[in-house]
Amino acid sequence: DASPTGKAVARVTPELSVLFVNYNTFAECIAAVASLRRHPPTRPDGSPMPFEALVVDNRSPNRDPALIEGLRAELAALAAEQGDPQSGQLFLHDENLGYSKGVNYCFHRSRGRWILVSNPDSVTSSSIPSYVFANGGRYYLSISEASNVGYDPLVVAGGTIAATTGSYTLNV
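Starting afresh in each chain, residues are numbered from 1 along the sequence in its written order. Whole-chain, interface and lining totals are the exception, using all residues; otherwise, since this is a predicted model, local features are given only for residues with pLDDT of at least 70 and side-chain atom pairs are given and counted only at 80 or more. Only hydrogens and water are set aside; all other atoms, that is, all heavy atoms of the structure, feed into the side-chain values.

Caption draft 1: Highlighting the sheet that holds strand β4 (residues 114-118). Pairs of strands are assigned from DSSP output, requiring at least two bridges between the strands. Each helix is a run of DSSP H or I of at least 4 residues and each strand a run of E of at least 2, with the numbering of both proceeding from the N terminus. Taken together, 4 strands build an open sheet; the order of strands is β3-β2-β1-β4 and the sheet is parallel. The sheet is open, and its two edges are formed by β3 (88-92) and β4, each paired on a single side. Neighbour-to-neighbour, the strand axes of the sheet open up by a mean angle of 20 degrees, direction not taken into account. Summarising the sheet, strand β1 (residues 16-22) and strand β2 (residues 51-57) pair through 7 bridges and their orientation is parallel. Counted as the bridge partner of L16 is F51 from β2. Each of β1, β2 and β3 is contacted by helix α1 (residues 26-38), which is oriented at about 165 degrees to β1, the strand it contacts most. Note on contacts: a residue pair is in contact if any heavy atoms of the two residues lie within 4.5 Å. Lines are fitted to the C-alpha atoms to define the axes, a helix being fitted only along its stretch in contact, and any angle between axes, read from their N-to-C directions, falls within 0 to 180 degrees. Packing of helix α3 (residues 99-107) onto the sheet brings it into contact with β1, β2, β3 and β4, and relative to β1 it is tilted by some 145 degrees.

This is the structure:
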């Protein structure tokens, strides 16, 4: 790849993909992406971890142009900092997919080795905790209510809209 000056530019492949599903939470998404920029993820050795942020809007009825531009600007700044124009993306979907399908929409466009699904109102005051896995590869984590037997994180249209919440423990 070449920069506008014609010099070669090294592309950085994200190790972590942070996925957001938006529905009338543009201001919160802006704050969440800004928070990621202020407190980026790190590797276990403390070095910076290349990452990307992907946001899908589930056909919010209030698509305020100023807020959309604000989110695009925050994502563009993240992409510039990462040295990768694809590291900050906003997808304005033409229908409300529901939360799980929105996650899957972003997931299928993600490039990271690890996936973090985050709520738009997640603002961190420190770096994202680092997780160390014994074996390399891509890990998938899905949380779905018991009645959602059709959910498949590898299928864009998998599952139904959940109606419950709860707490979860992940042991690896």
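Caption draft 2: A look at the pattern of salt bridges. The term salt bridge refers to a pairing of a side-chain nitrogen on Lys or Arg with a carboxyl oxygen on Asp or Glu at a separation within 4 Å. One pass over the full model with this rule turns up 7 salt bridges. Of the charged contacts, one joins R63 and D57 as a salt bridge, the two residues approaching to 2.6 Å between their closest N and O atoms. Residue D57 is classed as buried on the basis of its relative accessible area, which comes to 0%. We note a salt bridge from R72 to E69, for which the minimum N-O separation is 3.2 Å. Type-normalised accessible area, obtained with a 1.4 Å probe on protein chains alone, sets the label of each residue: buried when under 20%, exposed when over 50%, and partly exposed for intermediate values.

Caption draft 3: Molecular detail of helix α2 (residues 65-82). Multiplying 1.5 Å by the helix residue count minus one yields the expected span of that helix. Over its 18 residues, α2 extends 25 Å from the first C-alpha to the last, a length consistent with the 26 Å expected when each residue adds 1.5 Å. For α2, the complete set of buried residues consists of I68, L71, E74, L75, L78, A79 and Q82. All buried residues of α2 project into a common sector of 140 degrees when viewed along the axis, lining one side. Exposed residues on α2 whose side chains face more than 90 degrees from its buried face are P65, A66 and A80. Directly after α2, the chain includes G83, whose backbone phi takes a positive value near 70 degrees. Working definition: the arc comes from the directions between the helix axis and the C-beta atoms, pointing outward to the latter.

Caption draft 4: How the structure looks around the packing of α1 against α2. Relative to each other, α1 and α2 sit at 15 degrees, their axes nearing to 9 Å. With respect to each other, α1 and α2 are oriented roughly parallel. For α1 against α2, the interelement crossing comes out left-handed. Contact with α1, carried on its side by F26, A27, C29, I30, V33, A34 and R37, involves L67, I68, G70, L71, E74, L75, A77, L78 and E81 of α2 and no other residues of that element. For this classification, Asp, Glu, Lys and Arg are treated as charged, while Ala, Val, Leu, Ile, Met, Phe, Trp, Tyr, Cys and Pro are nonpolar and the rest, including Gly, are polar. Looking at the contact of α1 with α2 residue by residue, the classes come out as 12 nonpolar, 1 polar and 3 charged. Oblique is the label for every angle not falling under 35 degrees (roughly parallel), over 145 degrees (roughly antiparallel), or within 65 to 115 degrees (roughly perpendicular). Note: crossing handedness is left-handed where the near helix turns anticlockwise from the far helix by less than a right angle, and right-handed where it turns clockwise.

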